[in-house]
Structures are given as C-alpha cells and as structure tokens.
Amino acid sequence: MQKITPNLWFDHNAREAVEFYTSVFPDSKITGGSRYPDSKEEGLADFQLDMAGQDLTIDFQLGDLVFSAINAGPEFKPAAAHSCMVNFDPSHDEQAREHLDQLWEKLIDGGTVLMPLDTYDFSQHFGCVQSKSGFGWQLILTNPEGDDRPFIIPSLMFGDGVQNRANEAIDYYVSVFQNSKRGLSYPYGQTTGPATAEALMFADFQLDGQWFTANDSAVEQDFTFNEAVSYSVVCKDQAEIDYFWEKLSANPENEQCGWCKDKFGLSWQIIPENMDELMKKPGAYETMMNQHKIVIAEY
C-alpha cells in the first residue's frame, strides 16, 4: 500500500477533472472513492447539503502514483507551490520526447503555460503547465544517463513565508518517516531573486520509499502551500496516528477531521488504514467531522 497519497481539492468538479487526467495520462485509471451521506441524519452538515449523495473522494492512479480527489467547495484554490514532475525517460521509452509533446498538448488545452516547452540548462526539453483544473505539471525529458526516478513525483516549491527553507524541510521530513533519505541536491550557488546562494535550486528525497522533489523559489511570491493539496499518511494503528500527529501538527487552529498543518505550512491527513471500514459504521461521518486527530476507538 502506498504510504503517502497526494490529495487534490476540487470545487464540485472532481469527477470531471479525474476523468480528464485519467484520459490523458498513460496507464491511468479510477480505482475507487467515497460519497457524502444522503441526509443530515447520517451526519451531513448544513453547509454540505448540496453535496448529499455525491462524490466525496475519488481515488485514481496516474502511472504508478495513486492520488485522491476531494470533491468539495470553493474554499481552497491550487497554488504553484504544489505541482507534479512528470519524467519521460528515453532509456525506457524510445518515443519519450514524442509522448511528452502529446501530453503537453492535452494539458495546455484550457490551461495556462507557466514555463514554455523549450530547452533549459537542466533539460533539453521541459515545460510547466497549469492544467484547466488549476493544478501544475512539470513535463521533463529526463537525462537517460541519470538515476531512475518514477514517472510522476510530487514537487514542493518553498516561497513567501517559507522562502529558503527547503533544505530544512527535507531534513525534517526524512527524520520523521522511516525508510527515507535525501537524493540529489543542487544549491543556487549565488543569490537569485529571494533565493540565497545556499538555497535549493533542485533537490529530491524519499519518504518511506516514495520520491518527492523540492526547491526554493527564485522569484518573489505572494503565495505558499495551502489545503488545495494535502498528503494523507496511512497508519496501521492508533499509536502510529499519534506519532505522525505529534510530529506533523504544528498549527492547532487547522486541525480537523484528521487534517493538520506542519511548521512549513504543508497540509497532511493522518488516517488509519481501515478508514473505509470505520466510515461504514453508524454516525461515522459525524464522528469524523467532530474530531481533530482521528481516534479510532470513538467510531
């Protein structure tokens, strides 16, 4: 089971967005999901009445990475602090460049180009796009002589209030999760916009065997991480929930339904591996809505 899952927040259009992503990314599919209760008697809050019986979450897989889409309201909008790197490796795919171009054309349809598809110092073929649902994708032709990396890697950009803290964050996350390590690390080497010489132009790291990338922004930003992207951590029991909650929750006013924020502003969902089973119990939805940290014994 994948330990850490990226969760994407949508404003009533999760099904449409997921069907789009699974139609344009290779080896992709919808794998499951959950629905809102049908009535207030089953725990539905007043502000959720328009969602009764509709999709609550949609689980889907793009390549080897599992995602979950949250079908909710307009509270959170995607920010460029979150994106996913999509690696096209010529050593594994002779048509890697062509396949990159094909995906690019599909993602820019209705989307916004953040960095045009072009040659850069770090890649012969790279582009960054915000798709029509607002989430960012970095498409890169990987150096075939480099180490293997997964097809899709969640990426974190540190700016605004956490500018130049990518190194610190990586060290902290690696200390929290087992089976974790740092990978590549490239500092800017000189002051670049708000980034110091020691700040990270690019780095990658593993958390429980899953790859992530991080960098410090080289331009001034007025945004940072928000709840539009959160990362759920699947825990085997209450003791593990308690451990991750203690390590990752640093902002009590943002705690609800198993959600918390860490000291860098990143949102996490700390959930038991049998959450689907718990949510089938009478009154489970209302119980979850009234919890901060998930307490299994209360279901």
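The following refers to the structure shown.

Calculation rules
- Residues numbered from 1 in each chain as written.
- Predicted model: local features only at pLDDT ≥ 70, side-chain atom pairs only at ≥ 80, totals over all residues.
- Heavy atoms only, no water.
- Core = buried A, V, L, I, M, F, W, Y, C linked by side-chain atoms within 4.5 Å.
- Buried < 20%, exposed > 50% of the residue type's maximum accessible area, 1.4 Å probe, protein only.
- Contact = heavy atoms within 4.5 Å.
- Helix = DSSP H or I, 4+ residues; strand = E, 2+ residues; numbered from the N terminus.
- Arc of directions from axis to C-beta.
- Salt bridge = Lys/Arg side-chain N within 4 Å of Asp/Glu carboxyl O.

**Points about the nonpolar core**
Nonpolar side chains tend to gather and get buried jointly when the protein is soluble and globular.
Line of reasoning, step 1. Phe 25, Leu 107, Trp 137, Ile 152, Trp 268 and Ile 270 are the most contacted members of the largest nonpolar core, which has 80 residues in total.
Line of reasoning, step 2. Not counting residues up to four positions away in its chain, the partners in contact with Ile 152 are Phe 25, Leu 62, Leu 65, Phe 67, Cys 84, Met 85, Val 86 and Trp 137.
Line of reasoning, step 3. Of all hydrophobic cores here, the second largest spans 6 residues; its members include Cys 128, Ile 140, Ile 153 and Trp 211.

**Some details on helix α3 (residues 166-176)**
In an α-helix, one full turn covers 3.6 residues, which means residues spaced three or four apart are oriented alike.
Line of reasoning, step 1. Those residues of α3 lying buried are Ala 166, Ala 169, Ile 170, Tyr 173, Val 174 and Val 176. The buried residues of α3 occupy one face: seen down the axis, they fall within an arc of 160°.
Line of reasoning, step 2. Buried positions along α3 lie against β9 (152-158), β10 (181-187), β11 (200-207), β12 (210-216), α4 (238-248) and β15 (267-272).

**Here we look at the pattern of salt bridges**
Line of reasoning, step 1. Under the counting rule described, the total for this entry stands at 10 salt bridges.
Line of reasoning, step 2. Close ionic contact of Arg 15 with Asp 55 constitutes a salt bridge, the shortest N to O distance being 2.9 Å. You can see Arg 15 sitting in helix α1 (residues 14-24) and its partner Asp 55 sitting in strand β3 (residues 55-62), a full 40 residues away along the chain.
Line of reasoning, step 3. The class of Asp 55 is buried, set by a relative accessible area of 12%.
Line of reasoning, step 4. Note that Lys 293 is salt-bridged to Asp 242, the shortest N-O span being 3.0 Å. With Lys 293 in the segment after α6 (284-289) and Asp 242 in helix α4, this residue pair connects regions lying 51 residues apart in the sequence.
Line of reasoning, step 5. Lys 293 gets classed as partly exposed once you look at its relative accessible area, which sits at 26%.

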